[in-house]
Amino acid sequence: MAEWWRNAVLYEIYVRSFADGNGDGLGDLPGVRARLPYLRDLGVDGIWLTPFYPSPDADHGYDVTDYVDVDPRFGTLEDFDALLADAHDLGLRVLIDIVPNHTSDQHPWFRNALADPSSRDRARYLFRPGRDGGPPNNWTSAFGGSAWELDEASGEYFLHMFAPEQPDLDWHNPDVEESFAEILRFWLDRGVDGFRIDVAQALYKDNTLADTHEPERRTWHADWVTHVNQPDLLPLYARWRRLAGEYEGDRMFVGEIVLLDQDAVAQYVTPERLQLAFNFTLLHSEWDAEAMRATIEATRVALEAVGAPPTWVLENHDVVRLPTRYGGGAEGVRRARAAALLVLALPGTVFVYEGQELGLEEVYVPEELRQDPIFFRTNGTRPGRDGCRVPIPWESDPPGFGFTDGTPWLRIPDDWTEKSVARQTGDRASTLEQYRAALAARRSIPALRSGSFAWLDVAPGVLAFERREGDEAVACVVNVDADPVALPDGELLVASDPEVSGTLPRAAAAWVRLRM
Ligand code: GLC
């Protein structure tokens, strides 16, 4: 299917937490491979694998020492090839995560840069002299503290927008671009369907290194400071698109463009640049009909103007799990289930984070077990992201829950027995079966997948729209916080609340095939 990415459902696999094939308590590629049939049956179109490259793990794989290999803890290149082949046999696309903004401080380039300041590799990074006995400017790291670290041997500072173990590359240096073109080709030659580009709005920094005058503190996914989002990125992504376009099979890129302003995002996804960009606006919307409608509309309009499909993201490995963000407990899960039907009926591509289909809540990880550098670099003022990275409960028995025969790297809560894939399978009322039903409907009904879109007039506190193709139309109605509303006349396809028939209670959603 040409431009398959325009209305796909892509499933994010946080590799270390998905499935463990060798009993060491960490997820790995053979583990993923063994669970591919589950994803085919779930009904997604493809997967995005988070980094599995050799890494000292200062930021759980987002600090890479070798971009063209597999960390032995996650398997081998042969395991990767086998996974890819199986996925393709099952009709699943495979995206991998490319981390071009920074390397690990253990990458040979950075080791050379430190060992010999005159080495050519030094210029791959941003080493600069300090100012007034301190760092070169006031830029801060997204993980807390200054974005500059002193290299004592040379007296110069190097830039790191994340942890100090993740030195930023200098994309103004052509050596860097050349190396990444080779890296992209390495994986394209192996057959990947595309790439998720890590912090894709940030590769180039403002060369003047001018101080930023924005507030020091920022939230994880808010629009970032002025020194990123530089114009040089746009031609780079056009070059990458041409590079991928030399390969058969509609290879693609999705950029992690961490900007909430969708007009700013739109410039990255014109027909000659990236195919997709994550849209994080719903990660920040409250459970509020007007706010959600405004955000959906702003996204649709901004991206339609450049001919790009919108994307919808409710969860990922960096944010609090949705049911918890929506208030937690039964009500949080109820809202999250309704939100799933909302996004799965919108035009565009949907990303589902592993465990989202199980209605998993954020886990409280005791401080002594925390692993995320955000927790440590902010002296505990930000809890970090471990709570959304707890491994998947496949079976109902602690401690391994079918995720591992060993000890899971983060403890799986005992009450996840009820949430396990085994327990939810076959239970019509479960979150998992709701996802399966919704994904099956989305696959079999062209109106839902590629039909036209129009808002329907409804009461305040309710969101409703219609998708239409040919003589078929499906309405999606989401009762956010209004009194029960009557559903339109037609065949009820899927509901987020198993009790729903003619009317929709609050915090529930339904898809209805309309009588024409
Ligand atoms: C992205 C990743 C996040 C990582 C950061 C630095 O935002 O999603 O997990 O910590 O980039 O690579």
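Owing to the predicted nature of the structure, the values given are computational and were not obtained by experimental measurement.

Asks: Just checking my understanding: could you explain the nonpolar core for this structure?
Replies: What tends to happen in soluble globular proteins is that the nonpolar side chains get buried as a cluster. Counting 146 residues, the largest nonpolar core has Leu39, Leu49 and Trp511 as the members making the most contacts within it. Per element, the largest residue contribution to this core is nine residues, and it comes from helix α11 (residues 329–345). Excluding anything up to four places from it in sequence, Leu39 contacts Tyr11, Ile13, Phe18, Val44, Ile47 and Leu92. Core analysis: the second largest hydrophobic core is formed by 15 residues, Ala482, Val485, Ala495 and Ala510 among them.

Asks: Quick question: what am I supposed to make of the sheet that holds strand β13 (residues 462–469) here?
Replies: As a general point, the strands of a sheet are linked pairwise by backbone hydrogen bonds and lie either parallel or antiparallel. Ordered in space as β12-β13-β14-β18-β16, the five strands form an open sheet in which the pairing is antiparallel. Edge positions in the sheet fall to β12 (452–455) and β16 (490–495), since each has one partner strand and no second. Adjacent strand axes in the sheet meet at a mean angle of 25 degrees, parallel and antiparallel pairs treated alike. Bridge count for β16 against strand β18 (residues 508–514) is five bridges, and the pairing is antiparallel. Of the residues in β18, the one forming a bridge with Glu491 is Arg513. Seen against the sheet, helix α9 (residues 289–304) touches β12 and β13 and runs at an angle of roughly 145 degrees to β12. Along the sheet, helix α14 (residues 431–444) contacts β16 and β18; its crossing angle with β16, the most-contacted strand, is approximately 130 degrees.

Asks: What should I look at first to understand the pattern of salt bridges in this one?
Replies: Between side chains of opposite charge, a pair can form when the charged atoms approach closely. Taken as a whole, this structure holds 37 salt bridges when the rule is applied. Between Arg423 and Glu418 there is a salt bridge, with its nearest N and O atoms 2.9 Å apart. Measuring nitrogen to oxygen at the nearest pair gives 2.9 Å for the salt bridge that ties Glu491 to Arg513. Taken together, the residues Glu491 in strand β16 and Arg513 in strand β18 connect sequence positions 22 residues apart. Looking at Glu491, the relative accessible area reads 38%, which means it is partly exposed. Through salt bridges with shared partners, a single network forms among Asp59, Asp318, Asp372, Arg385 and Arg389.

Asks: Can you help me understand the packing of helix α5 (residues 174–190) against helix α6 (residues 233–245) in this one?
Replies: In a pair of packed helices, the angle between the axes and the distance between the axes together describe the arrangement. Two elements in contact, α5 and α6, have axes separated by 11 Å at closest approach and are oriented at 30 degrees. Taken as axis vectors, α5 and α6 run roughly parallel relative to one another. The way α5 lies across α6 gives a crossing that is right-handed. Of the residues in α6, those touching α5 at Glu177, Phe180, Ala181, Leu184, Arg185 and Leu188 are Leu236, Arg239, Trp240, Leu243 and Ala244. Of the residues contributing to the contact of α5 with α6, the split by class is eight nonpolar, no polar and three charged.

Asks: Any chance you could explain the site of the ligand here in plain terms?
Replies: Close contacts around the ligand come from 15 residues, with Asp59, Asp198, Glu256, His317 and Asp318 the closest. Within the side chain of Arg196, one N or O atom sits 3.0 Å away from an oxygen atom of the ligand. Between the ligand and Glu256, the relevant distance is 2.8 Å, taken from an oxygen atom to a side-chain nitrogen or oxygen of the residue. Calculation on the ligand without its partners gives an accessible area of 300 Å², and the protein chains cover 99% of this total. Classifying every residue of the shell around the ligand by side-chain character gives five nonpolar, three polar and seven charged.

Conventions used here
Residues numbered from 1 in each chain as written. Predicted model: local features only at pLDDT ≥ 70, side-chain atom pairs only at ≥ 80, totals over all residues. Heavy atoms only, no water. Core = buried A, V, L, I, M, F, W, Y, C linked by side-chain atoms within 4.5 Å. Buried < 20%, exposed > 50% of the residue type's maximum accessible area, 1.4 Å probe, protein only. Helix = DSSP H or I, 4+ residues; strand = E, 2+ residues; numbered from the N terminus. Contact = heavy atoms within 4.5 Å. Pairing = 2+ DSSP bridges. Axes fitted to C-alpha atoms, helices over the stretch in contact; angles between N-to-C directions. Salt bridge = Lys/Arg side-chain N within 4 Å of Asp/Glu carboxyl O. Parallel < 35°, antiparallel > 145°, perpendicular 65-115°, else oblique. Left-handed = near helix turned anticlockwise from the far one by under 90°. Nonpolar A, V, L, I, M, F, W, Y, C, P; charged D, E, K, R; others polar. Near = heavy atom within 4 Å. Polar contact = N/O pair within 3.5 Å; in protein donor to acceptor, adjacent residues only side chain to side chain. Areas by Shrake-Rupley, 256 points an atom, 1.4 Å probe, with all protein chains shown as cover.

Geometric values such as these leave the question of function open.
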